[in-house]
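This is what each chain is made of:
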Amino acid sequence: MPELYGSRGITLTYGNGAIIRDKKGKEYIDFYCSSGAALFGHCHPYLVKTLKEASKMPWTVGIGMGSETRNKFMESLRQIFPDRECFFCNSGSEAVEAALKLVTFLNSSRKKILALRRSFHGRTLGALSLTFNPLYRNPWAHVILPVTHLEPEILPSNIDEDTVAVFVEPVRGEGGVYPLEEEIGKKITEACKLHGALLVSDEVQCGWGRCGDYSVSEKMWP
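What counts and what doesn't
Residues numbered from 1 in each chain as written. Predicted model: local features only at pLDDT ≥ 70, side-chain atom pairs only at ≥ 80, totals over all residues. Heavy atoms only, no water. Helix = DSSP H or I, 4+ residues; strand = E, 2+ residues; numbered from the N terminus. Buried < 20%, exposed > 50% of the residue type's maximum accessible area, 1.4 Å probe, protein only. Contact = heavy atoms within 4.5 Å. Areas by Shrake-Rupley, 256 points an atom, 1.4 Å probe, with all protein chains shown as cover. Lys, Arg positive; Asp, Glu negative; His and termini not counted. Charge placed at Lys NZ, Arg CZ, Asp CG, Glu CD. Patch = residues over 30% accessible without salt bridge, like charges linked within 9 Å, V, L, I, M, F, W, Y side chains within 5 Å. Salt bridge = Lys/Arg side-chain N within 4 Å of Asp/Glu carboxyl O. Pairing = 2+ DSSP bridges. Axes fitted to C-alpha atoms, helices over the stretch in contact; angles between N-to-C directions.

S.K.: How would you summarise the overall build of the protein chain if you had to cite specific residues and measurements?
M.R.: The helix and strand inventory of the protein chain stands at eight helices and nine strands. With the C-alpha coordinates aligned to their principal axes, the bounding extent of the protein chain is approximately 55 × 45 × 35 Å. When the 222 residues of the protein chain are sorted by exposure, 32% land in the buried category. Expressed as a percentage of contacts within the protein chain between residues at least 6 apart in sequence, the contacts between residues at least 24 apart total 61%. Accessible area for the protein chain stands at about 14700 Å²; split by element, carbon and sulfur atoms hold 58% of it. Charged side chains in the protein chain number 26 positive and 26 negative. The centres of these two groups are separated by 6 Å.

S.K.: Please set out a negative patch on the surface residue by residue, giving values where relevant.
M.R.: Where like charges cluster on the molecular surface, the negative patch consists of Glu 153, Glu 181, Glu 183 and Glu 190. With respect to the helices, strands and loops of the structure, Glu 181 is situated in the loop between strand S8 (178-179) and helix H7 (182-195). By relative accessible area, which is 52% here, Glu 181 ends up exposed.

S.K.: If you had to explain the sheet that holds strand S2 (residues 19-22) to someone new, which residues and values would you point to?
M.R.: With antiparallel pairing, three strands are arranged side by side in an open sheet as S1-S2-S3. The open sheet terminates on both sides in strands that have one partner only, identified here as strand S1 (12-16) and strand S3 (27-29). For this sheet the average axis-to-axis angle between neighbouring strands, irrespective of direction, equals 25 degrees. Strand direction decides the pairing type here: S1 and S2, joined by four bridges, are antiparallel. Each residue of the ladder has a partner; that of Tyr 14, found in S2, is Arg 21.

S.K.: So what about the sheet that holds strand S5 (residues 148-150)? Which residues, and what values?
M.R.: As summarised here, the arrangement of the four strands in space is S5-S4-S6-S9, forming an open sheet in which the pairing is parallel. Looking along the sheet, the strands with just one partner apiece sit at the ends: S5 and strand S9 (198-201). Strand-to-strand twist of the sheet, defined as the mean angle between neighbouring strand axes without regard to direction, takes the value 25 degrees. Pairing geometry for strand S4 (residues 112-116) and strand S6 (residues 163-168), over four bridges, is parallel. When the bridges of S6 are listed, Ala 115 appears paired with Phe 167.

S.K.: Lay out the pattern of salt bridges with the relevant residues and their values.
M.R.: Tallied over the entire structure, the rule returns seven salt bridges. Taking the shortest distance from any N to any O, the salt bridge between Lys 49 and Glu 53 comes out at 2.8 Å. Separated by four residues within a single helix, Lys 49 and Glu 53 lie in helix H2 (residues 45-54), roughly one turn from each other. The exposure class assigned to Glu 53 is partly exposed, which follows from its relative accessible area of 42%. The network of salt bridges with shared partners includes Arg 117, Arg 118 and Glu 151.

Structure representation (structure tokens):
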């Protein structure tokens, strides 16, 4: 993996809250949080306790079988996002792949997919089509889906009757942090409604409390 992401020359051996320690004993404040995945820091006592309890139960329960734990989680989700459906998957890239399959199935007669410049949606083949950075995309340009990447200001005017879907990150995280202006978000939403295009808000990197609420887009442009 260092070959893919580049090595920082640090091997971590300990973590507690926001503090991490390398094998030489040097401590750091962890602002990286494993690309945002370590949302609650390291070794949080409540999570450690919960993991110990969970380890005494069935380790995996397929979707085809019932699970009390999953039912409780679903009920919590329904309270946060009422009248919504849920699809369980393993990663952010997989969630984007599922969204891409869904929108192209629902709008199968249309061809155009739009996304934002400076967006990151993943590195699997479909998600890579939506990711902006040419360094990631170019080696697979011959097989990825044709996606048009635009600046937020001009995206609404490019949505038309042939647009399948528009993928946006409310806070774009490729090469910096670029929050989408609320007014532009509303214009994108209105243009999608006007032309019948599907709008996908990818909040893998910015949602679930990372920006202060479960969903950034629902607060910005409901």
